[in-house]
Amino acid sequence: MKRILIFLLPILIIVAVVFTVFGIIQVKIEQEKLMDELYRKAKSVAETTEVSVQHIIKDNDKKAARRLVDSFQKRERLQGCVLYDQHGKVLAITERIAEWQAKDKAYLQQVVENRQVEAGMQKFKDLSIYSYAIPVMDDSEKVIGVVELIYDTSYVYTRLAELWRNISVTLSIIVLLIIIIVLLIQRQIFVVPVKKLTEWFHLYQKGEIDDKHPIKDSGELGKLASEVEQVALSLRVARKTIAGEAQARLKVDEQWTETKLRDLVLAKLGENALFVVSNREPYMHVLDEITGQAKWTRPASGVVTALDPVLRACGGTWVAHGSGNADKKFVNSKNKLGVPPDDNRYILKRVWLTKLEEEGYYYGFANEGLWPLCHVTHTRPVFREEDWEMYQKVNQKFADSILEELPAKNPFVFIQDYHFTLLPRMIKESRPDATIALFWHIPWPNPEVFSICPYYQEILDGMLGCDLIGFHVQFHCNNFLETANRLIESRVDTEKFSIVRAGRETVIKPFPISVDTVNSKKEGQESLNQKAEKIRIELELTDKIIGLGVERIDYTKGLIERVQAIDRFFEKYPQYKGKVVFVQLAAPSRTHIKRYHDLMGEIDELIEKTNWKYSDTNWQPIIYLKRHFSPEEILPYYKLADFCVVSSLHDGMNLVAKEFVSAKDDLRGSLILSRFTGAAKELEQAIQINPYSIEEFAAAIKQAIEMPREEQARRMAIMRKIVQENNVYKWAGSIITELTALKKEKA
Ligand code: F6P
């Protein structure tokens, strides 16, 4: 638009100037013409009148004088006539201009003395008057009086204003025509061909069409099109080659790595073909409170921990809520940026939400409704109609944002979590060719529990827009199948583990999520050990047995029970006072919700009480570090810990358990793991607990501390093997393999 304005503005200025000058000249000519006509008319009338006036004055015929001036009473422009004697005294005046009598008329003397006509413009009341005064002479050429004719000239100005109006209307029409013509021309010669070329490029390089480029022009645009054609061809060939090579490299029995996942995605989906959606973004830009500078961080989130390595490995686009206060500074015109910010491997598209949307959709419906509904931790879910409305609105907003990005044919969309239950159906309705998977990162409750949600029907219907729904464990799949079976009209196929609703089939399968066991080892052991030792000194942990907890502050994590168990542990086993220290890393989370805010206070109070109860001048049992820790910062704590506690009251998987095991390459340390986590199904060698049983919990801490090194190593080796073999690349690979198989089946 700016370019068009730069082009249009000079033309419009020239046209406007030409028209204005032309208008001024036109008006001037017209004005002169009208005044000249008036002068002639006045002259002729005055000369005719002068003859009769000569006799009237000579004979002092007052009646004739009256008749004469009255004869002008009804004329339209000629307002009237005045007869004067040779001294300028009024003899007779037309009635309607009677007030003219009082006007000072110095020019009359000129008329008498110079025996000449005096004519000109004058102001009279609010009228613009033209007066024409002619001397009246007797036969001896002696001036005996004056006749004056008075004209109203306002019609001249009305005519001139009309002329200006016509000129302005013509000018506006011409300006409008110029704008329309320029826009049409530029659209025809620039916008349309460039649009066609862009569309062609998009489809051709992906191998979706084989047509020639659409530009017929042999000029500069044609040359550009031919360059674009070469690039498109090279890209297309490169894609095919990469996909072919990837296919050849794929070995089924090999351990899952970043490379193997990349090869699988390239071979099955093609380059950058994966579209991931989640609420939480993997990289967030925030303003540093101290320096005021924007910096990027990685949020504390299981979804991010699991999916970032997947996207790094295979590229693609991740669509998420841009929630960082400096996020807007770092996106391009389409709200996208390359991430990780220091090593662009995939695209992050940020979706902006208003405070009201975030409040209703994220804090309200997702986290005060669905989160406590699915985690059976006895926190009552809250369902508000206004939150549900926002939740629907935001799901639609994300659907629109994703639909804008999807390629022309058969895209793959991978949706994360309970924030987007309506999204699968919304996308499927616009793009039935899209293959859609949803991964549910939290537990799925039984039908009785789920049915208390007033919107269960819409939620299940939305989710069943998917081709595949994944849960961490079979138990949650079973709960989901049973929920659909009991609560909505559908057919459950227990052989295939699928649900058919309105003729569409959705497969339900477990895919236990995991961690990146490959790249987490990239940092040298030496530097990690150094960092760990630094922490040991800083926190005064030398010679201490170190326990560790790493959590978001959430009521599902069993943090209160953990502190109570530590308290009970020191009560029951006082020999460990001064010897054992528990380090808790805790990231504040969802603090805008009252339950979370209150929980922070409860934990602070409980830790303070426990520390006060047991600590002495050299030792305190719990070190509570309440802030966000990046994955790089957490790693040395895992190294340092002698035991790690995961005491969730209910958890879909829990990746801290797997991260801890993955970090322990010296096979040292034990894991205390709640049996209510998904991870407990895989990590059977952990010391499994019921976190609600404080006695059992305290005894588990003792068992972890006293476990002989060989036993620790034996258990850790088995758990590490399980995590390594079932890492996050395998998780993503299994989902993509399943999806492509489903797609083939559909075709
Ligand atoms: O699956 C649960 C989850 O979405 C995980 O990503 C993460 O553990 C947690 O919730 C993060 O919560 P939030 O994104 O609301 O901070």
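Residues numbered from 1 in each chain as written. Predicted model: local features only at pLDDT ≥ 70, side-chain atom pairs only at ≥ 80, totals over all residues. Heavy atoms only, no water.

Explain the site of the ligand to me, please; I cannot follow it from the model alone.
Neighbouring the ligand are Arg-280, Ser-301, Gly-302, Val-303, Tyr-362, Trp-371, Asp-417, His-441, Ile-442, Arg-552 and Arg-590. A distance of 3.0 Å is found between an oxygen atom of the ligand and a backbone nitrogen or oxygen belonging to Val-303. Between the ligand and the protein, one listed contact pairs an oxygen atom with a side-chain N or O atom of Arg-590 at 2.8 Å. Across the complex, the protein chains shield 90% of the 380 Å² of accessible surface that the ligand would expose by itself. Residue assignment for the shell around the ligand shows that the elements contributing at least two residues are helix 7 (302-314) and helix 8 (355-374). A breakdown of the residues in the shell around the ligand according to their chemical character gives four nonpolar, three polar and four charged. (Near = heavy atom within 4 Å. Polar contact = N/O pair within 3.5 Å; in protein donor to acceptor, adjacent residues only side chain to side chain. Areas by Shrake-Rupley, 256 points an atom, 1.4 Å probe, with all protein chains shown as cover. Helix = DSSP H or I, 4+ residues; strand = E, 2+ residues; numbered from the N terminus. Nonpolar A, V, L, I, M, F, W, Y, C, P; charged D, E, K, R; others polar.)

Explanation requested: the sheet that holds strand 13 (residues 435-439) in the structure shown.
In sheet architecture, strand pairing relies on hydrogen bonds along the backbone and comes in two forms, parallel and antiparallel. Strand order in this open sheet of ten strands is 10-11-9-6-12-13-14-17-16-15, and the pairing throughout is mixed. For this open sheet the edge positions go to strand 10 (336-339) and strand 15 (491-493), each flanked by a neighbour on one side alone. Across this sheet, the average inter-strand angle for adjacent strands is 20 degrees, counted without regard to direction. Here four bridges tie strand 16 (residues 498-501) to strand 17 (residues 504-510), and the two strands are oriented antiparallel to one another. (Pairing = 2+ DSSP bridges. Axes fitted to C-alpha atoms, helices over the stretch in contact; angles between N-to-C directions.)

Would you explain helix 17 (residues 631-640) in this entry?
Every α-helix winds through 3.6 residues per turn, so residues three or four apart in the chain are directed the same way. Counting buried positions along helix 17 gives seven out of ten residues, so the element sits mostly inside the fold. Within the span of helix 17, buried status applies to Ile-634, Leu-635, Pro-636, Tyr-637, Tyr-638, Lys-639 and Leu-640. Next to the buried residues of helix 17 lie helix 14 (525-538), strand 18 (545-552), strand 19 (580-587), strand 20 (622-626) and helix 18 (655-663). (Buried < 20%, exposed > 50% of the residue type's maximum accessible area, 1.4 Å probe, protein only. Contact = heavy atoms within 4.5 Å.)

Got a minute to help me understand the environment of Ser-430 in this structure?
Among the structural elements, Ser-430 can be located in helix 10 (residues 423-430). Of the residues examined, Ser-430 reaches a relative accessible area of 45% and is grouped as partly exposed. The spatial distance from the C-alpha of Ser-430 to the C-alpha of Arg-350 is 21 Å, given a sequence separation of 80 residues.

Just checking my understanding: could you explain the sheet that holds strand 19 for this structure?
Spatially, the six strands line up as an open sheet ordered 20-19-18-21-22-23, and their pairing is parallel. The strands lining the two open edges of the sheet, one partner per strand, are strand 20 and strand 23 (687-689). Strand-to-strand twist in this sheet, taken as the mean axis angle between neighbours without regard to direction, amounts to 20 degrees. As judged from the four bridges shared by strand 21 (residues 643-646) and strand 22 (residues 670-674), these two strands associate in the parallel manner. Its bridge partner lying in strand 22, Val-646 is registered against Leu-673. Across the sheet, helix 15 (residues 559-572) is in contact with strand 18, strand 19, strand 20 and strand 21; its angle to strand 19 comes to roughly 170 degrees.

What should I look at first to understand helix 20 (residues 694-706) in this one?
The terminal C-alpha atoms of helix 20, which comprises 13 residues, lie 18 Å apart, in line with the 18 Å expected from a rise of 1.5 Å per residue. Looking only at helix 20, the buried set comprises Phe-697, Ala-698, Ala-700, Ile-701, Ala-704 and Ile-705. Each buried residue of helix 20 lies within a common arc of 155 degrees when the element is viewed along its axis, so the set occupies one face. (Expected span 1.5 Å × (residues − 1). Arc of directions from axis to C-beta.)

Explanation requested: unusual backbone geometry in the structure shown.
The bulk of non-glycine residues show a negative phi, and the bulk of peptide bonds are trans. Of note, the bond from Val-339 into Pro-340 is cis; its omega dihedral lies within 30 degrees of zero at -10 degrees. Topologically, Pro-340 is positioned in the loop between strand 10 and strand 11 (346-351).

Just checking my understanding: could you explain the packing of helix 15 against helix 20 for this structure?
Two measures define how a pair of helices packs: the angle their axes make with one another and the distance between the axes. Direction vectors running N to C along helix 15 and helix 20 enclose 65 degrees, while the axes themselves pass 8 Å from each other. In terms of axis orientation, helix 15 runs roughly perpendicular to helix 20. Here the hand of the crossing between helix 15 and helix 20 comes out right-handed. Residues Glu-561, Arg-562, Gln-564, Ala-565, Ile-566, Arg-568, Phe-569 and Lys-572 of helix 15 form the contact with helix 20, whose participating residues are Ile-694, Glu-695, Phe-697, Ala-698, Ile-701, Lys-702 and Ile-705. A class-by-class count of the residues in the contact of helix 15 with helix 20 yields eight nonpolar, one polar and six charged. (Parallel < 35°, antiparallel > 145°, perpendicular 65-115°, else oblique. Left-handed = near helix turned anticlockwise from the far one by under 90°.)

When you look at the environment of Ala-698 in this model, what are you seeing that I'm missing?
Residue position: Ala-698 is located in helix 20. In this structure, the C-alpha to C-alpha distance between Ala-698 and Ile-189, residues 509 residues apart in sequence, is 79 Å. Every residue in contact with Ala-698, bar those within four places of it in the chain, is listed here: Ala-565, Arg-568, Phe-569 and Tyr-573.

Explanation requested: a nonpolar patch on the surface in the structure shown.
Taken together, the side chains of Leu-5, Leu-9, Ile-13, Val-17, Val-21, Ile-25 and Ile-29 present a nonpolar region at the surface, about 630 Å² in accessible area. If you trace the backbone, Ile-29 turns up in helix 1 (residues 2-58). (Patch = residues over 30% accessible without salt bridge, like charges linked within 9 Å, V, L, I, M, F, W, Y side chains within 5 Å. Salt bridge = Lys/Arg side-chain N within 4 Å of Asp/Glu carboxyl O.)

What is the right way to read the packing of aromatic side chains from this model?
The geometry of an aromatic ring pair is captured by the separation of the ring centres together with the interplanar angle, meaning the angle of the planes. This structure, assessed with the given rule, holds 34 aromatic pairs. Measuring from ring centre to ring centre gives 6.1 Å for Trp-444 and Phe-471, while their planes differ by 75 degrees; the resulting arrangement is edge-to-face. You can see Trp-444 sitting in the loop between strand 13 and helix 11 (447-450) and its partner Phe-471 sitting in strand 14 (residues 468-471), a full 27 residues away along the chain. Phe-471 carries the same exposure label as Trp-444, and that label is buried. Counting every residue linked through ring pairs, the aromatic cluster contains Tyr-361, Phe-365, Phe-383, Trp-388, Tyr-391, Phe-398, Phe-420 and Tyr-455. One cation-aromatic arrangement involves Lys-328 over Trp-352; the distance from NZ or CZ to the ring centre is 5.1 Å. Looking at Arg-590, its charged tip hangs above the ring of Trp-371, at a distance of 4.1 Å from the centre. (Phe/Tyr/Trp six-rings, centres within 6.5 Å; stacked < 30°, edge-to-face > 60°. Lys NZ or Arg CZ within 6 Å of the ring centre and 35° of its normal.)

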